[in-house]
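This is what each chain is made of:
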Amino acid sequence: MLQDAGGTVPPNTDHAVSVSLPTWKDNVAYEEGEPWLINKMQCGYPRFFVHPIIQELAKEVVLRHGKPDTETVMLFPSPNTARVCYSFFLSRLSGAESQNVRIVDLAPPPHTETDSPTVTSRLSGVIFPKEYFPIAKQVWQHTGSGVSSRRGEFCLGALRDGYLQEKKDIGLETTAPRICKGPRRYQGKDSATELVRGIGSQSTAPNPSAAPNGSQEGREYAQFIEERFGRNLSTSLSQQAKLAVRKRIAGVLTADVDLSEALQKTAGVGRVAGLSESDVYAFPTGMNAIFSTHQMLLSSRGAMKSVCFGFPYIDTLKTLEKWGPGCLFYGHGSSEDLDDLESRLNNDERFLALFTEFPGNPLLKSPDLRRIRALADKYDFAVVVDETVGNFLNVNVLPYADVVVSSLTKIFSGDSNVMGGSAVLNPHARHYQALKETFSREYEDNLWAEDAVFLERNSRDFVSRIEKINTTTEEITEMLRNSSLVKQVYYPKYSQSKPFYDAFRTPNGGYGGLFSVTFHSTAAAAAFFDALEVLKGPSLGTNFTLGSPYTLLAHYSELDWAKSFGVEFDLVRISVGLEDIPDLRGRIQKALDAAASAQA
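Throughout what follows, the structure given in this document is the object of discussion. On a predicted model such as this, the values are computed, not experimentally measured, just so you know. (Residues numbered from 1 in each chain as written. Predicted model: local features only at pLDDT ≥ 70, side-chain atom pairs only at ≥ 80, totals over all residues. Heavy atoms only, no water.)

## Focus on the overall build of the protein
Keep this limit in mind: Put simply, DSSP marks the helices as runs of H or I at least four residues long and the strands as runs of E at least two long, and each gets a number from the N terminus on. When a residue's accessible area, from a 1.4 Å probe over protein chains only, is under 20% of the maximum for its type it is buried; when over 50% it is exposed; and in between it is partly exposed. When checking whether two residues touch, look at their non-hydrogen atoms; a contact exists if any pair is within 4.5 Å. Note on areas: Shrake-Rupley, 1.4 Å probe, and residue coverage restricted to the protein chains presented here.
Broken down by element type, the protein carries 23 helices and 18 strands. Across the 600 residues in the protein, those meeting the buried criterion constitute 62%. In the protein, 75% of the contacts between residues at least 6 apart in sequence involve partners at least 24 apart. Accessible surface, the protein as shown: approximately 22,600 Å² in total, 48% of it carbon and sulfur.

## Topic: the packing of aromatic side chains
The line we're drawing: The rule is short: rings of Phe, Tyr and Trp, with Trp giving its six-membered ring, pair when the centres are within 6.5 Å, and they are stacked under 30 degrees, edge-to-face over 60, tilted in between.
Scanning the model with the defined rule gives 26 aromatic pairs in all. When the ring of Phe 89 is compared with that of Tyr 132, the centres are 6.4 Å apart and the planes differ by 50 degrees; the resulting orientation is tilted. Separated by 43 residues along the polypeptide, Phe 89 in helix H4 (residues 79–92) and Tyr 132 in the loop between strand S5 (123–129) and helix H6 (133–143) bring together distant segments of the chain. What makes Tyr 132 buried here is its relative accessible area of 11%. Their ring planes at 40 degrees and their centres at 4.8 Å tell us that Phe 519 and Phe 528 sit as a pair that is tilted.

## Notes on the sheet that holds strand S9 (residues 327–330)
Definition in use: Here the rule is simple: two strands pair whenever DSSP picks up at least two bridges between them. Lines are fitted to the C-alpha atoms to define the axes, a helix being fitted only along its stretch in contact, and any angle between axes, read from their N-to-C directions, falls within 0 to 180 degrees.
The seven strands are arranged S7-S13-S12-S11-S10-S8-S9 in an open sheet whose pairing can be described as mixed. Each having just a single partner strand, strand S7 (280–283) and S9 make up the two edges of the open sheet. When the angles between neighbouring strand axes are averaged without regard to direction, this sheet yields 20 degrees. Of the strand pairs in this sheet, strand S10 (residues 353–357) and strand S11 (residues 382–386) are connected by five bridges, and their pairing is parallel. Paired with Thr 356 across the bridge in S11 is Val 385. Here helix H12 (residues 286–301) sits on the sheet in contact with S7, strand S8 (306–309), S10, S11, strand S12 (403–407) and strand S13 (421–425), set at roughly 155 degrees to S12. Against the sheet, helix H15 (residues 369–379) engages S8, S10 and S11, with an angle of about 155 degrees to S11.

## A few points about the packing of helix H20 (residues 522–531) against helix H23 (residues 581–599)
Put simply, the rule reads: Crossing handedness is read from the near helix: turned anticlockwise from the far helix by less than a right angle, it gives a left-handed crossing, and turned clockwise, a right-handed one. Polarity classes work like this: nonpolar for Ala, Val, Leu, Ile, Met, Phe, Trp, Tyr, Cys and Pro, charged for Asp, Glu, Lys and Arg, and polar for all others, with Gly in that last group.
Two elements in contact, H20 and H23, have axes whose closest approach is 7 Å; the angle formed by their N-to-C orientations is 145 degrees. Between H20 and H23 lies a crossing whose hand is right-handed. In this structure, H20 uses Ala 523, Ala 524, Ala 527, Phe 528 and Ala 531 to contact H23, whose residues at the interface are Ile 588, Lys 590, Ala 591, Leu 592, Ala 594, Ala 595, Ala 598 and Gln 599. Looking at the contact of H20 with H23 residue by residue, the classes come out as eleven nonpolar, one polar and one charged.

## Looking at the pattern of salt bridges
Two side chains carrying opposite charge are able to pair once their charged atoms lie near each other. Applied cut-off: Salt bridges, as used here, are contacts in which a Lys or Arg side-chain nitrogen is within 4 Å of a carboxyl oxygen on Asp or Glu.
Enumeration according to the criterion identifies 32 salt bridges in this entry. In this structure, Lys 468 engages Asp 580 in a salt bridge whose closest nitrogen and oxygen atoms are separated by 3.5 Å. With Lys 468 in helix H18 (residues 462–481) and Asp 580 in the loop between strand S18 (572–575) and H23, this residue pair connects regions lying 112 residues apart in the sequence. Since its relative accessible area comes to 48%, Asp 580 is described here as partly exposed.

## Side note on the packing of helix H14 (residues 335–346) against H15
Short version of the rule: Under this scheme an angle from 65 to 115 degrees is roughly perpendicular, one under 35 degrees roughly parallel, and one over 145 degrees roughly antiparallel; angles in between are oblique.
Relative orientation of the contacting elements H14 and H15 amounts to 5 degrees, with a least axis distance of 11 Å. Between H14 and H15, the crossing angle belongs to the class labelled roughly parallel. Residues Ser 335, Leu 338, Asp 339, Leu 341, Glu 342, Leu 345 and Asn 346 of H14 touch H15, and the partners they reach there are Arg 371, Ile 372, Leu 375 and Tyr 379.

## A few points about unusual backbone geometry
The peptide bond linking Val 9 to Pro 10 adopts the cis configuration, its omega dihedral lying at 5 degrees. Following Phe 358, the chain continues to Pro 359 via a peptide bond in cis, the omega torsion being -15 degrees. Positive phi outside glycine occurs at Asp 348, with the angle close to 75 degrees. In this structure, Asp 380 takes a positive phi of about 60 degrees despite not being glycine. Tracing the sequence through the fold places Asp 380 in the loop between H15 and S11.

## Here we look at the nonpolar core
The cut-off we apply is this: Remark: nonpolar core denotes a set of buried residues (Ala, Val, Leu, Ile, Met, Phe, Trp, Tyr, Cys) joined through side-chain atoms within 4.5 Å.
Judged by nonpolar contacts, the single largest core of 76 residues is most densely connected at Leu 341, Leu 480, Phe 519, Phe 528 and Leu 592. Here this core takes seven residues from H18, the largest share from any one element. Contacts of Leu 341, omitting those with residues within four sequence positions, involve Val 307, Leu 328, Tyr 330, Phe 351, Leu 354 and Leu 375. Core analysis: the second largest hydrophobic core is formed by 41 residues, Leu 75, Ala 82, Leu 106 and Phe 291 among them.

## Some thoughts on the sheet that holds S18
The strand order across the open sheet formed by five strands is S14-S15-S18-S17-S16, and the pairing between neighbours is mixed. On the outer flanks of this sheet lie strand S14 (486–490) and strand S16 (535–536), each paired with one strand and no other. Direction of pairing for S14 relative to strand S15 (residues 514–519): antiparallel, over a ladder of four bridges. Pairing of Val 489 across the sheet is with Val 517, part of S15.

## Details of the state of the cysteines
Heads up, the condition is: Cysteine sulfur atoms that come within 2.5 Å of each other are treated as a disulfide pair.
Applying the stated rule across the entire model yields zero disulfides. For Cys 308, which is in no disulfide, the shortest distance to another cysteine sulfur is to Cys 327 and amounts to 5.1 Å. According to the relative accessible area criterion, Cys 308 is buried, its value standing at 2%.

## Notes on H4
Heads up, the condition is: A helix is expected to span 1.5 Å multiplied by its residue count minus one.
With 14 residues, H4 extends 20 Å between its outermost C-alpha atoms, agreeing within 8% with the 20 Å of an ideal straight helix rising 1.5 Å per residue. Every buried residue of H4 is listed here: Pro 79, Thr 81, Ala 82, Cys 85, Tyr 86, Phe 88 and Phe 89. Looking at the buried side of H4, the elements it contacts are strand S3 (71–76), strand S4 (102–107), S5, H6 and helix H13 (314–322).

## Structural notes on the environment of Thr 551
Convention followed: In the analysis that follows, any N or O atom pair within 3.5 Å is treated as a polar contact, provided that within protein one partner can donate a hydrogen and the other can accept it, and provided that, for residues neighboring in sequence, both atoms belong to side chains.
Relative to the assigned elements, Thr 551 resides in helix H21 (residues 550–554). Linking Thr 551 and Val 567, residues 16 residues apart in sequence, is a C-alpha distance of 7.1 Å. One polar contact links the side chain of Thr 551 to the main-chain carbonyl oxygen of Glu 568, over a distance of 2.8 Å.

## A look at the pairing of S11
Here S11 lies mainly inside the structure; five of its five residues are buried. Across three bridges, S11 lies against S12 in parallel orientation. Paired with Val 385 across the two strands is Val 404, which belongs to S12.

Any functional reading would require information that these geometric values do not contain.
This is how it looks when you write it as structure tokens:
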């Protein structure tokens, strides 16, 4: 076993994006909330699991601004993102119940050192009774706008050392009772359920020398930043890192180079003529890029339903359903679905936008993007394409999209130790000008400075990693297709939708590093998964091969629903990493041997 259940993935990584669930039984236990598994968890996928550092920060915020015995808080990087959560509460609670929900906004005190390296370390929280946690959790998960663990780590130190003060000028009434009695020690330990499902009320004691009112005279905030993080959090370096990341995403930088060389590269022809890094917007997560794009479209075009086309990553569908007028869902993503959509359009139904993935996850089907674009042009709706699985080095879908979104957490970063997302506007699209104006007015750069630095460092070898992973994955999928134990391999190269994928494949592009496989029995699938000697847990696009019983983990409470769209409950999804081909073939063969024994 490469990593024990509940350990970080990658191992020994403080800000790991994934968590080890190495056996079929572990995944079921996670979904069932079994204490024997939950007690072991050191982390989890950040939008599904509140990182221990953020849990500790939340306790400190409630200690100073809430009622620790009965309340908790969900933390966000800005007042605007906190308002999204606050508004969601108002939509789900009665008037009387909502009186117990309020926003607290914290920010560093003003300082006079104009040449100091400053960091936007504002922190906003929505405080609410603990029994309302499932409501707040939906916002955290579906919008992807919560604070990152690195931001949480920084703000925890700043709060304890007295550098985060409450601000009252956030334009929202927050007159609900507030308790601020200073440091207080709590009894007991976090329960396992609180660790995964919410934020507990217990805490270690704050620094007794800290001044919660932020009155530490004689110690500059800039010095505090330097002492904690050195130069990693200087404004200039983080902005340079963001610029280099945006250049890579725009496609004007397609070589493995370090930061200094990336900044020297002048803009050339990117993914489409006229595209520059100014049309690329960074977000703290891929899901937040999708959520924000939807909100920008609603703001620029008005309230209309959207279309979710193809079996989606589940939170995309939830976002479209819960934040707006609703969604028309086509789970098969077939030509028949497009026929139905066209019929509705002919009958004067109108839509805000069509959201789709290229290719989809986990069935790796590609939509007929040319036909979708033709319908969009004729009936005036926007097209938003999530290219996370395909990635822009393999496919170029931007010419047929209004907006292309992606999770930078995945293959762009590869190291599985930082979250990030992006949205790219097509400068030739019909809705470009309206969207550009809306983004310029409403976009917030909430990507934490240190996260940007890690994204830039991790993505420097993006090009060479993609090439190796493409080659390895084609070898491994062909090996599995030749096994009589395998029922089906889902991969763009072997899909019936391959012509749709190939229409957008770049000259040097491949078919990506993600595939799914099914077997003739659940026993064989479980045996294969348990015996496969790779890291196992949620996420994809990692530099190491990562396996997951995807449907079990993503759709445990709706397995029949997923099956109705062809997603079998015992499907195994594998994201191929940088291992050498002979090494990975050996591991796959060992797992196949185990499947054969289980099926005999």
